[in-house]
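# Fold and geometry: a report
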Amino acid sequence: MNATHSCDPAKAGAQTGAPPSQGHNGLVKDVRGRLTPNAPLAPLVWFKSGGSADWLFEPKDVQDLSDFLAGLDPAVPVMALGLGSNMIVRDGGYPGVVVRLGKAFAQVSASDETRLVCGGGASGILVSSTARDAGIAGVEFLRSIPGTVGGFVRMNGGAYGREVKDILVECEVVLRSGEQRTLVLADLGYSYRHSALPDGCVVTRATFRGHSGDPVAIQAEMDRIAAAREESQPLRSKTGGSTFKNPDGHKAWALIDAAGCRGLQIGDAQVSEKHCNFLLNLGAATSADIEALGDEVIARVKAHSGVTLEWEIQRVGEAA
């Protein structure tokens, strides 16, 4: 994930036998989506910090993504980016290709009375709202997770006592090799905030299963969840969401608070005073500041309670 070699998709394609014909900007002609070199990632992530990706690829459709990955040097790292809510992009940027799924991957529809077919780029709000309109209960918790279906599936996203493993039927993915596959729940190897999906794999679609429910009751539950988030979390700040996993038998925020870290600050990075398991960019924090603050929290919690916190936020790329 944090490889340091340089990459040029056009050159890489030539090295692996992909069509050597080049289009404008030295890019392979048959890429139908948008491929942007030296793409700043800070505007695309919630912390609003970090460097650029060597390349940002926004595929037109699944086949475009599949063809692109198949023609890319296997040594070039690939990472999918959703809403950027649970991620630190280091200040040196990402040395590879970042794949971002656009509107073509953001569709959600009910396939029957209990199932939803969701594009990998669809937001949790869109999924839960579509479920409400279709009278499908059981997916309301996705309303509270600031991300996309692809990220939910990869990280076994969860909140308010529910996880993706409780609702996933199957998902469609494009592997780093370009191979398209359909995986069922058992293939994902789910554990707490983790799946067995390999690096470079992009989730393009997922089928979720709920149960029949009353749209009015579903909306009421969504409203309850939204109100609870508003009351307890710093939603209008530059943050990365929940920073550390909850250790067995503990709440991360409580351990952080007990270790005296509430409000702790390094540069413009701060532990939220509203919710201790959130880190904030107060304005001009670098990704190095944010990551250093997280590491300091880990050290202080370990010294105080003997518990070692684990990062839930994904940290990618290279230091400046």
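Residues numbered from 1 in each chain as written. Predicted model: local features only at pLDDT ≥ 70, side-chain atom pairs only at ≥ 80, totals over all residues. Heavy atoms only, no water.

### Concerning the sheet that holds strand β1 (residues 34–40)
Stated precisely, the cut-off is as follows: DSSP-based pairing: two strands are paired if at least 2 bridges between them are found. Only DSSP runs of H or I with at least four residues qualify as helices, and only runs of E with at least two residues qualify as strands; both kinds are numbered from the N terminus onward. For helices, the axis comes from a line fit to the C-alpha atoms of the stretch in contact; other axes are also lines fit to C-alpha atoms, and the angle between any two N-to-C directions lies between 0 and 180 degrees. The contact definition used throughout considers only heavy atoms, calling two residues in contact when any of these lie within 4.5 Å.
Taken in spatial order, the four strands make up an open sheet running β1-β2-β5-β3, and their pairing is mixed. Single-partner strands in this sheet number two, and they are β1 and β3 (78–81). Each strand axis lies, on average, 30 degrees off the axis of its neighbour in the sheet, ignoring direction. By the bridge criterion, six bridges tie β1 to strand β2 (residues 52–58) in an arrangement that is antiparallel. Each residue of the ladder has a partner; that of arginine 34, found in β2, is glutamate 58. Sitting on the sheet, helix α2 (residues 62–70) is in contact with β1, β2, β3 and β5 (94–100), with an inclination near 135 degrees to β2.

### Brief notes about unusual backbone geometry
Only a minority of non-glycine residues have a phi that is not negative, and only a minority of peptide bonds are not trans. We apply this condition: For each residue, the accessible area found with a 1.4 Å probe, counting protein chains only, is set against the maximum for its type, and the residue is called buried under 20%, exposed over 50%, and partly exposed in between.
The backbone phi angle of lysine 48 is positive, close to 55 degrees, even though this residue is not glycine. Looking at where lysine 48 falls in the secondary structure, it is placed in the loop between β1 and β2. In this structure lysine 48 comes out as partly exposed when scored by relative accessible area, which is 40%. The backbone of tyrosine 160 shows a phi angle near 55 degrees, a positive value even though the residue is not glycine.

### Quick look at the nonpolar core
Short version of the rule: Nonpolar cores are built from buried Ala, Val, Leu, Ile, Met, Phe, Trp, Tyr and Cys residues. Side-chain atoms within 4.5 Å join them into one set.
With 29 residues, the main nonpolar core has Val127, Leu142, Val149, Val153, Leu168, Cys171 and Phe208 as its most contacted residues. Of all elements in the fold, only β7 (115–119), α3 (124–133), α4 (149–155), β11 (168–174) and β13 (202–209) reach the threshold of two or more residues within this core. The next biggest cluster of nonpolar side chains, apart from the first, holds 23 residues, and it includes Ile256, Cys261, Leu309 and Trp311.

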